[in-house]
Amino acid sequence: MIGALIRTVRRAEPSVAAYVLRVLPIIIIPALIISGLLAYIVSALGVDAGYDDILSEEIPGLSPLMMTIFTAVSVVILAPVIETLMMAAVFWGLRKMKLPYWGLVVGQVAFWIALHSLQVPIWGIGIAWAFFIFSIAYLAWDEKGGMGQAFGVVTLLHALNNLFFFGLTLLPEMAT
C-alpha cells in the first residue's frame, strides 16, 4: 500500500491542480493518524509534549485576532516558502554527496526531523511523513519541469497541509 502511495506521488502530472488534489490526502490522512497516535502515546505516558507552549506564544501589543492572523500568515505562507527554499538547498547539498534517490529523500527527512525537533522534540516525528512526501514530490517535479515547478508544487502542498492543521488548532477556540 505504501508503495502505491509513493508511486502516486512520484507521478508528476501536467496538471498541478490534479496532482495537488491527488497528493494532499496522501499527506494529510497518514499525518492525522501519526499525530493522533503520538498524542495518545504522549498522553498515556504523562509527558508534556510542549505543543501548548508553541500555541500560546504571544507578541506584545497584538490582539488575539491579530495574533491569529499573524500566526496564520506565518504558518500557511511564510513557513512553506522558506522551508521549500531550504529544501532546495538541502537537496543541492545532498546531491553534491552523490547520494542515490532514496538517500536524497532520507537525508531530507532526517534534516527536517532534526530541525523541527529543536523546538518541540516530538514534533520532528509528527512532521516526518509530510516531509517524506514533500521530498518525493519535489524530486518528481524537479525532474519533470525543473526547480521552479518543484518549488511551486511543494510550497502549495505544504501551505495547504499547514492550512488544514492550523484550522484544526482553531476548532477548539471556535467551539467556545
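For every chain, the first residue of the written sequence is number 1, and numbering continues from 1 along that sequence. Reporting of local features is limited, given that this is a predicted model, to residues whose pLDDT is at least 70; pairs of side-chain atoms are given and counted only at 80 or more, and all residues count toward the totals for whole chains, interfaces and linings. Processing note: side-chain calculations cover all non-hydrogen atoms of the structure and skip hydrogens and water entirely.

(A) Quick peek at a nonpolar patch on the surface. A patch consists of residues whose relative accessible area exceeds 30% and which take part in no salt bridge; residues with like charges are grouped when within 9 Å of each other, and nonpolar side chains (Val, Leu, Ile, Met, Phe, Trp, Tyr) when within 5 Å. Surface exposure here means Shrake-Rupley accessible area, sampled with a 1.4 Å probe, where a residue is shielded only by the protein chains that are shown. Note on definitions: salt bridges are taken to be side-chain nitrogens of Lys or Arg within 4 Å of carboxyl oxygens of Asp or Glu. On the surface, a nonpolar cluster with roughly 1,000 Å² of combined accessible area is contributed by Ile 59, Leu 62, Leu 65, Met 66, Ile 69, Phe 70, Val 73, Ile 77, Leu 78, Val 81, Ile 82 and Leu 85. Checked against the element boundaries, Leu 78 lands in helix α4 (residues 64-96). Accessible area is worked out with a 1.4 Å probe on protein chains only. A residue is then buried under 20% of its type maximum, exposed over 50%, and partly exposed in between. Judged by relative accessible area, which is 44%, Leu 78 ranks as partly exposed. Working definition: helices are DSSP H or I runs of at least four residues, strands are E runs of at least two. Numbering for both runs from the N terminus.

(B) Layout of the pattern of salt bridges. Here the structure, examined in full by the defined rule, presents two salt bridges. Among the salt bridges present, the one from Glu 13 reaches Arg 22, with a minimum N-O distance of 2.3 Å. The shortest N-O distance in the salt bridge between Arg 95 and Asp 142 comes to 3.0 Å. One end of the pair, Arg 95, is in helix α4; the other, Asp 142, is in helix α6 (residues 123-145), with 47 residues separating them in the sequence.

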